[in-house]
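Chain by chain, the residues:
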Amino acid sequence: MDEKSSNNNHRLLIVLLMVLLFGVIVIQYVCPSKSDCQLLHLGSLFTSTGSPTESQLSGGREVQDGLAKDPYVVEDGALVRFVPRFNFTKADLSRAVDFHIKGDDVIVFLHIQKTGGTTFGRHLVRNIQLERPCECHAGQKKCTCYRPGKKETWLFSRFSTGWSCGLHADWTELTNCVPSRMDTSEAPKTPKIPKTPKTPLPSRNYYYITILRDPVWRYLSEWRHVQRGATWKASLHVCDGRAPTLSELPSCYSGDDWSGCSLQEFMACPYNLANNRQTRMLADLSLVGCYNVSTMSEEERWALLLESAKRNLRGMAFFGLTEYQRKTQYLFERTFNLEFIAPFTQLNGTRAASVEVAPETQRRIRQLNQWDVELYEYARDLFLQRFQVARQQERRQARERRQQERRRLRGRLTPRLGRPPKPTATPHRPEGNSLPTEERQRVKDDGETVESEVLLSDWWDLENGTMEDYMDNVEQW
């Protein structure tokens, strides 16, 4: 009896194991790890610390709300629900410029270090659908981006015109340098005949654009770049017509470069231009005496720079965020009425992301970059509000096109269904009034009664449009 019961127990255990194994196989087949069956993959929702990540939680909520097919919702670890913090005017949120690539308009790219600007700059010269694409050749750092039918460039950037205004020129340098550089490089060549009148220079529209990044990760990325030997010594830092003196802008190292520096050494230098770099490069430095820090207190100086950077950011034709690649692509396309060939890719595996930083060090970095942190929060709010407004406008325009198409089709179908023309004596009925039920019934010649297709009144479209507008306003992020 003991042997029989032992054998039965073994058989039962084997059967249970086989059932369990079969169940696991079925679950993995029906609901793979990247599917919508989130309840069957609870373990994948948690990180090593035991807390769910923001992108995983937002992904589950977005699928639950039926927005999984929207490529702009499920990317970038965006928040489940975006709540605006700042108030912006309609002009600040609705960005669409009348960019004439065949005319004299110029896009100026302000490239801030370690914000993903190199990738975005390559998109501008290699990934835009143009009548006359930029000519890029292997082994050459610059591409030729001419307008259709002209030997004039429409793009002022690192990969088109080079560092014509200095290495990583900031807002102060570009706004004072670009117009004169463009006039010099594209001045009409007149024949060498005495007293020949010069052709007037074109009046150009300059559309400034830039890319911002989370200050902590941008700072870490710059440290890693400097650690590998980068110096940016060729930067001019011209302000009010002159470069800063050595006393105004001291160096953090004495050798040729700062390669091998530790993060603590990088943070300890009080003259490090990595601190609040985005705020400084987007502000008008002339407002604070350029690099002369003796004109006012540090707090007052940076407060003025921050307000200037915010003002310039609002006035820019476009800016993107490294953390929101697909939304950046979408807003650029909407702003300039240009389309990229291939979609942007969100890459999170950067060198900065591989750095393990203690929480205290992260707090110290945020303190050193407090003005950049405030600027980025402001920029992120403005960016997401612009995206929200652009999507609502796109949906509204799509609804209007569908409604016009329905009206056009109904107008074609009405004569075919035997609807007699209205008598001339009958007064014209406003489209906003609903038709009586009796008028929907028309009798054919054989006496058969049918209900014909009639034009729906405008109140029907307005009512449905109102509900769609309401659903659009309830944005899921």
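Residues numbered from 1 in each chain as written. Predicted model: local features only at pLDDT ≥ 70, side-chain atom pairs only at ≥ 80, totals over all residues. Heavy atoms only, no water.

1. Description of the overall build of the protein chain
Piece 1. Along the backbone of the protein chain there are 13 helices and 6 strands.
Piece 2. Counting every position in the protein chain, which comprises 477 residues, the buried fraction comes to 39%.
Piece 3. Across the protein chain, contacts joining residues at least 24 apart in sequence account for 71% of those joining residues at least 6 apart.
Piece 4. For the protein chain, the computed accessible surface area is about 28,400 Å², with 54% contributed by carbon and sulfur atoms. (Helix = DSSP H or I, 4+ residues; strand = E, 2+ residues; numbered from the N terminus. Buried < 20%, exposed > 50% of the residue type's maximum accessible area, 1.4 Å probe, protein only. Contact = heavy atoms within 4.5 Å. Areas by Shrake-Rupley, 256 points an atom, 1.4 Å probe, with all protein chains shown as cover.)

2. A few points about helix H6 (residues 215-227)
Piece 1. Given a rise of 1.5 Å per residue, 13 residues ought to cover 18 Å, and the 18 Å separating the end C-alpha atoms of H6 matches this to within 8%.
Piece 2. N-cap assignment for H6: the residue whose side-chain oxygen lies 3.2 Å from the backbone N of valine 216 is aspartate 214.
Piece 3. Just beyond H6, the residue with positive phi is glycine 229, at close to 115 degrees. (Expected span 1.5 Å × (residues − 1). Polar contact = N/O pair within 3.5 Å; in protein donor to acceptor, adjacent residues only side chain to side chain.)

3. Here we look at the nonpolar core
A general trend in soluble globular proteins is that nonpolar side chains are found buried together.
Piece 1. Grouped together as the largest cluster of nonpolar side chains are 75 residues, with contacts concentrated most on Phe120, Trp154, Leu174, Ile209, Leu282, Phe332 and Phe336.
Piece 2. With sequence-adjacent residues up to four places away left out, isoleucine 209 is seen in contact with Ile107, Val108, Phe109, Leu110, Phe120, Leu124, Met316, Phe318, Phe332 and Phe336.
Piece 3. Core analysis: the second largest hydrophobic core is formed by 19 residues, Val226, Cys261, Phe266 and Val357 among them. (Core = buried A, V, L, I, M, F, W, Y, C linked by side-chain atoms within 4.5 Å.)

4. Digging into the packing of aromatic side chains
Piece 1. All chains considered together, the criterion is met by 22 aromatic pairs.
Piece 2. Through a chain of ring-to-ring contacts, the aromatic side chains of Phe99, Phe109, Phe120, Trp154, Tyr207, Phe318, Phe332, Phe336, Phe340 and Phe344 assemble into a single cluster.
Piece 3. Above the ring of tryptophan 223, the side-chain terminus of arginine 224 is found at 6.0 Å from the ring centroid.
Piece 4. Geometry around phenylalanine 387 places lysine 327 over its ring, the cationic atom sitting 5.4 Å from the centre. (Phe/Tyr/Trp six-rings, centres within 6.5 Å; stacked < 30°, edge-to-face > 60°. Lys NZ or Arg CZ within 6 Å of the ring centre and 35° of its normal.)

5. So, helix H5 (residues 171-185)
Piece 1. Taking 1.5 Å of rise per residue, 15 residues should cover 21 Å, and H5 covers 20 Å from first to last C-alpha, within 8% of that figure.
Piece 2. Along H5, the positions that sit buried rather than exposed are Trp171, Thr172, Glu173, Leu174, Cys177, Val178 and Met182.
Piece 3. The backbone nitrogen of threonine 172 has a side-chain oxygen 3.2 Å away, supplied by the residue at the start of H5, namely aspartate 170.

6. Remarks on the confidence of the model for the protein chain
Note: predicted coordinates in regions of low pLDDT should not be interpreted at a detailed level.
Piece 1. Summary statistics for the protein chain give a mean pLDDT of 80 and a share of 70% for residues scoring 70 or more.
Piece 2. Low confidence marks residues 32-68, where pLDDT is under 50. Its contacts with residues over four positions away, or in another chain, come to 43 contacts.
Piece 3. Counting contacts from residues 429-477, a segment whose pLDDT is below 50, to residues more than four positions away or on other chains yields 70 contacts. (pLDDT = per-residue confidence, 0-100.)

7. So, unusual backbone geometry
Piece 1. Unlike most non-glycine residues, histidine 237 shows phi in positive territory, near 55 degrees.
Piece 2. Within the element layout of this structure, histidine 237 appears in the loop between H6 and helix H7 (263-268).
Piece 3. We classify histidine 237 as buried; its relative accessible area is 15%.
Piece 4. You will see that asparagine 337, though not glycine, has its phi angle at about 55 degrees, which is positive.
Piece 5. Locating asparagine 337 in the fold gives a position in the loop between helix H10 (325-336) and helix H11 (359-368).

8. Considerations on the state of the cysteines
Piece 1. The tally for this structure, following the rule as stated, stands at 5 disulfides.
Piece 2. A disulfide bridge connects cysteine 134 with cysteine 145, and the sulfur atoms are separated by 2.1 Å. Every disulfide takes its handedness from the sign of the S-S torsion; for cysteine 134 and cysteine 145 that torsion is 115 degrees, giving right-handed. Taken together, the residues cysteine 134 in the loop between helix H4 (117-126) and strand S2 (155-156) and cysteine 145 in the loop between H4 and S2 connect sequence positions 11 residues apart.
Piece 3. For cysteine 145, a relative accessible area of 2% translates into the label buried.
Piece 4. A disulfide bridge connects cysteine 165 with cysteine 177, and the sulfur atoms are separated by 2.0 Å. (Disulfide = S-S within 2.5 Å.)

9. Section: the environment of cysteine 134
Piece 1. Using a relative accessible area of 11% as the deciding quantity, one classes cysteine 134 as buried.
Piece 2. Measuring from C-alpha to C-alpha, the distance between cysteine 134 and arginine 147 comes to 9.1 Å, with 13 residues separating the pair along the chain.
Piece 3. Dropping the residues within four chain positions of it, cysteine 134 is found in contact with Leu124, Val125, Cys143, Thr144, Cys145 and Trp154.

10. Describing the sheet that holds strand S3 (residues 206-212)
Piece 1. Spatially, S2-S1-S3-S4 is the arrangement adopted by the 4 strands of the open sheet, whose pairing is parallel. Of all strands in the sheet, those bounded by a partner on one side alone are S2 and strand S4 (318-321).
Piece 2. Each of strand S1 (106-110), S2 and S3 is contacted by H5, which is oriented at about 145 degrees to S3, the strand it contacts most. (Pairing = 2+ DSSP bridges. Axes fitted to C-alpha atoms, helices over the stretch in contact; angles between N-to-C directions.)

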